[in-house]
Amino acid sequence: KIAQIWTWEWEVHEGLFQISDEMKQILGLDFEKTHYTIDELNELVHPEDQDYFKRALNYVWHGESIGIEFRFLASDQTIIWVHQNGNVIYDEADKIISVLFMNHDITERKESLNKLRLMNENLIQMVKDEVEENRKKDAVIVYQSRLAKMGQMIGLITHQWKQPLNNLGLILAN
């Protein structure tokens, strides 16, 4: 319980799944019931992950060990993320007799990763907004700089015109 790890076993020839008490407790299942069919087990899987889960079981059915992440939906509708490893157990004739599944509750990790993803998206948007605002400020500064240079140029032109006009004024005054 502390490690948030639980198991279940697929008794392949009987087509039944034996679920540990820890898994029953986490998912809010009946402790009296000892075996579940594949359809009953699939109903415990989040609806969006059911096809993925079935495909993974199909790989196991063909003798491949698996490591997958998916969501269970507890009886109170709480979503529980798990990382599941399925290991095939063979008899002496190399036939599959059962599959042992080890589940590790990774809900906290998934929630933390989701929070980090959201924070990262917000940070990216904030950076984009700040860059856009800085570009606008830069454009204003460039515009003000152009106006200042035009003002200086007009001042220089005015100065250049004042000298000959002062001279003309003096000549005309004499």
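Anyway, here's the lowdown on the structure attached to this text. (Residues numbered from 1 in each chain as written. Predicted model: local features only at pLDDT ≥ 70, side-chain atom pairs only at ≥ 80, totals over all residues. Heavy atoms only, no water.)

### Remarks on the nonpolar core
As a rule of thumb, soluble globular proteins bury nonpolar side chains together. Defined as follows: Side-chain atoms within 4.5 Å link the members of a nonpolar core, which is a set of buried Ala, Val, Leu, Ile, Met, Phe, Trp, Tyr and Cys residues. Burial classification: accessible surface area is computed with a 1.4 Å probe over protein chains only, and a residue below 20% of its type maximum counts as buried, one above 50% as exposed, and the rest as partly exposed. The helix count covers DSSP runs of H or I at least four residues long, the strand count covers runs of E at least two residues long, and both are numbered beginning at the N terminus. Residue contacts are counted whenever heavy atoms from the two residues lie within 4.5 Å of one another.
Ranked by size, the top nonpolar core spans 28 residues in total, and within it W8 and F72 carry the most contacts. Breaking this core down by element, the ones donating at least two residues are strand 1 (5-11), strand 2 (16-19), helix 1 (21-27), helix 2 (38-44), helix 3 (50-61), strand 4 (66-73), strand 5 (79-90) and strand 6 (96-105). Excluding residues that lie within four positions of it along the chain, F72 makes contacts with W6, W8, M23, L27, L44, V45, H46, T78, I79, I80, V82 and N103.

### Description of the pattern of salt bridges
Defined as follows: Whenever a carboxyl oxygen of Asp or Glu lies within 4 Å of a side-chain nitrogen of Lys or Arg, that contact is scored as a salt bridge.
By the definition in use, this model includes eight salt bridges. Here K24 ties to D21 by a salt bridge, and the two come within 3.9 Å at their closest N and O atoms. Remark: D21 and K24 occur in helix 1; sequence separation between them is three residues, near one turn of the helix. According to the relative accessible area criterion, K24 is buried, its value standing at 3%. Here D21 falls in the partly exposed class, since its relative accessible area comes to 46%. Notably, a salt bridge pairs E48 with R71, separated by 3.1 Å at the nearest N-O pair. Of this pair, E48 sits in the loop between helix 2 and helix 3 while R71 is found in strand 4, placing the two residues 23 residues apart along the sequence. Judged by relative accessible area, which is 14%, R71 ranks as buried. Among the charged side chains, a salt-bridge network with shared partners connects E48, D49 and R71.

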